[in-house]
Amino acid sequence: PGSFQASWLRIQGYIFAPISCLLVGLFWTLFLHPRHMLRTSRKLEMASIAARYALWFTICAQIGFAPREALGLYLLTFGIGCTYIFTNFAVSHTHLPVTEEDEYLHW
């Protein structure tokens, strides 16, 4: 009852969009995708991703952002994108029928 997992589940409705979506997106982009690229020798894909990050931080530096600010802006925009994708995915993949106000909800 007092564990981290129990606390996480208790507040899941509040943290899904702002925190869980960002963490899943980061896990995919920083672990799962690079692991797949290394395993399948996708050199062009690896170079493209490296260029993406280099370009982001270069442009941010030219505008006048410090590296920490550029990282924060990246995480903010990336988090918004992840929230958009995963929230739409969660809603569109609900396989329960649509209910009316007066219907008994069995879930």
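In case you missed it, the structure is sitting above this.
For the structure given in this document, a descriptive report is provided here. Only a predicted model underlies this, so the values are computations on that prediction, with no experimental measurement involved.

Looking only at helices and strands, the chain has four helices and zero strands in total. Ordered by position from N to C terminus, the α and β elements of the chain give α-α-α-α. Along the first, second and third principal axes, the C-alpha set of the chain runs to 55 × 35 × 30 Å. Here the chain holds 107 residues, and the buried ones make up 13% of them. Sequence separation of 24 or more characterises 48% of the internal contacts of the chain that already satisfy a separation of 6 or more. Here the chain has roughly 8,800 Å² of accessible surface; of this, 69% comes from carbon and sulfur atoms. Of the charged side chains in the chain, 7 are positive and 6 negative, and the gap between their average positions amounts to 29 Å.

The next thing to look at is the nonpolar core. With seven residues, the main nonpolar core is built from C21, L22, L26, Y74, F78, C82 and F86. Only α2 (12–39) and α4 (67–92) provide two or more residues apiece to this core. Here C21 is in contact with F16, C82, T83, F86 and T87, once residues within four sequence places are set aside.

If you walk through the whole model with that rule in mind, you get zero disulfides. C82 provides the cysteine sulfur closest to C60, a residue in no disulfide bond, and the two sulfurs are 17 Å apart. Residue C60 is classed as buried on the basis of its relative accessible area, which comes to 3%. Here C82 is not disulfide-linked; the sulfur of C21 is the nearest cysteine sulfur, at 7.3 Å.

Where like charges cluster on the molecular surface, the negative patch consists of E100, E101, D102 and E103. Of the residues examined, E101 reaches a relative accessible area of 87% and is grouped as exposed.

Definitions and cut-offs
- Every chain begins its residue count from 1, and numbering advances along the sequence as written.
- Reporting in this predicted model follows two pLDDT cut-offs: at least 70 for local features of residues, and 80 or more for side-chain atom pairs to be given and counted; totals over whole chains, interfaces and linings ignore these cut-offs and use all residues.
- Processing note: side-chain calculations cover all non-hydrogen atoms of the structure and skip hydrogens and water entirely.
- The helix count covers DSSP runs of H or I at least four residues long, the strand count covers runs of E at least two residues long, and both are numbered beginning at the N terminus.
- Partly exposed describes any residue whose relative accessible area lies between the buried limit of under 20% and the exposed limit of over 50%, with all areas from a 1.4 Å probe on protein chains only and scaled to the type maximum.
- Every residue pair with non-hydrogen atoms within 4.5 Å of one another is taken to be in contact.
- For accessible areas, the Shrake-Rupley method is used with a probe of radius 1.4 Å. Any residue's cover is judged against the shown protein chains and nothing else.
- Think of it this way: Lys and Arg go in the positive column, Asp and Glu in the negative one, and His and the chain ends go nowhere.
- Throughout, a charge is located at the NZ atom of Lys, the CZ atom of Arg, the CG atom of Asp or the CD atom of Glu.
- In these notes, a set of buried Ala, Val, Leu, Ile, Met, Phe, Trp, Tyr and Cys residues joined through side-chain atoms within 4.5 Å is what counts as a nonpolar core.
- We call a pair of cysteine sulfur atoms a disulfide when they lie within 2.5 Å.
- To count toward a patch, a residue needs a relative accessible area above 30% and no salt bridge. Like charges then connect within 9 Å, nonpolar side chains (Val, Leu, Ile, Met, Phe, Trp, Tyr) within 5 Å.
- Whenever a carboxyl oxygen of Asp or Glu lies within 4 Å of a side-chain nitrogen of Lys or Arg, that contact is scored as a salt bridge.

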